[in-house]
Amino acid sequence: MLVLIAEDQAEIGDVLKESFEEGGYEVLLAATGEEAMAALDAQGDEVRALVTDIKLGSSTTGWDVARHARELKPEMPVVYMTGSESNDWASLGVPNSILVPKPFAPAQVITAVSQLLNASSTPGA
């Protein structure tokens, strides 16, 4: 199961990648919003969930990446990570997403992805 992680801080991206792989996921890592959107365009059919930081060090934000993911796949599970943008989640975040505030334990992010994947595979959800 392929998860796209968009995170501009390499050390956080690496820790998440390792944690997700230990949990049995395949991981595609993007360092910018543009990279994440290109990955979605190239492999969107295979990506089962998106984990994105909101501030990605470029003009393309995690909000933008999530909206793009949902345009390609309306039921795509989205988990946002942020240290400062949580107040904007209600207005800028996509519906049925989860926000995990930084700092976090990688297990919190994996649990959030699992919850959304389970909810989207439940009949009538």
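Bear in mind that the values here come from a model prediction, so they are computed numbers and not experimental data.

Parameters and conventions
- Residues numbered from 1 in each chain as written.
- Predicted model: local features only at pLDDT ≥ 70, side-chain atom pairs only at ≥ 80, totals over all residues.
- Heavy atoms only, no water.
- Helix = DSSP H or I, 4+ residues; strand = E, 2+ residues; numbered from the N terminus.
- Rg over C-alpha atoms; globule rule 2.2 N^0.38 Å.
- Buried < 20%, exposed > 50% of the residue type's maximum accessible area, 1.4 Å probe, protein only.
- Contact = heavy atoms within 4.5 Å.
- Areas by Shrake-Rupley, 256 points an atom, 1.4 Å probe, with all protein chains shown as cover.
- Lys, Arg positive; Asp, Glu negative; His and termini not counted.
- Charge placed at Lys NZ, Arg CZ, Asp CG, Glu CD.
- Pairing = 2+ DSSP bridges.
- Right-handed = clockwise from strand over helix to strand, strands pointing away.
- Axes fitted to C-alpha atoms, helices over the stretch in contact; angles between N-to-C directions.
- Parallel < 35°, antiparallel > 145°, perpendicular 65-115°, else oblique.
- Nonpolar A, V, L, I, M, F, W, Y, C, P; charged D, E, K, R; others polar.

Participant: Mind laying out the overall build of the protein chain, listing which residues take part and the relevant values?
Facilitator: When helices and strands are tallied, the protein chain shows five helices and five strands. When the elements of the protein chain are put in sequence order from the N terminus, they spell out β-α-β-α-β-α-β-α-β-α. Its C-alpha radius of gyration of 13 Å places the protein chain within 12% of the 14 Å reference for a compact globule of 125 residues. Along the longest, intermediate and shortest principal axes, the C-alpha atoms of the protein chain span 40 × 30 × 30 Å. In the protein chain, which comprises 125 residues, the proportion classed as buried is 43%. Considering only contacts within the protein chain whose residues lie at least 6 apart along the sequence, 64% involve residues at least 24 apart. Accessible surface for the protein chain amounts to roughly 6300 Å². Of this, 52% is attributable to carbon and sulfur atoms. Each charge class in the protein chain was averaged separately, 7 positive and 19 negative side chains, and the resulting centres sit 5 Å apart.

Participant: Which residues make up the pairing of strand β2 (residues 26–30), and what values do they have?
Facilitator: When strand β1 (residues 2–6) meets β2, the two strands line up parallel, connected through five bridges. Residue V3 lies in a different strand from β2, and its bridge partner there is V27. Since β1 and β2 lie parallel, the crossover through helix α1 (residues 10–22) that links them has a hand, and here it is right-handed.

Participant: Describe the side chain of H68, with residues and values.
Facilitator: Relative to the helices and strands, H68 is located in helix α3 (residues 62–72). Once you skip the residues sitting within four places of it in the chain, H68 turns out to touch M37, L40 and D41.

Participant: Please give an account of the sheet that holds strand β4 (residues 78–82) that cites residues and values.
Facilitator: Strand pairing in a sheet relies on backbone hydrogen bonds, with the paired strands running either antiparallel or parallel. Pairing in this open sheet of five strands is parallel, and the strands run β2-β1-β3-β4-β5 from one edge to the other. Because the sheet does not close on itself, it has two edges, and the strands there are β2 and β5 (98–101). With direction set aside, neighbouring strand axes in the sheet form an average angle of 20°.

Participant: Can you explain unusual backbone geometry? Please cite residues and give values.
Facilitator: Along the chain, K102 connects to P103 via a cis peptide bond; the corresponding omega equals 0°. Tracing the sequence through the fold places P103 in the loop between β5 and α5 (106–121). Phi is positive for N96, which is not a glycine, with a value near 55°. Here N96 shows up in the loop between α4 (89–92) and β5.

Participant: Explain the packing of helix α2 (residues 33–43) against α3 residue by residue, including any values.
Facilitator: Close contact between α2 and α3 brings their axes to 9 Å; oriented N to C, the two are set at 10°. The angle between α2 and α3 falls in the class roughly parallel. Touching G33, A36, M37, L40 and D41 of α2 are D64, V65, H68, A69 and L72, all from α3. Partitioned by chemical class, the residues of the contact of α2 with α3 number six nonpolar, two polar and two charged.

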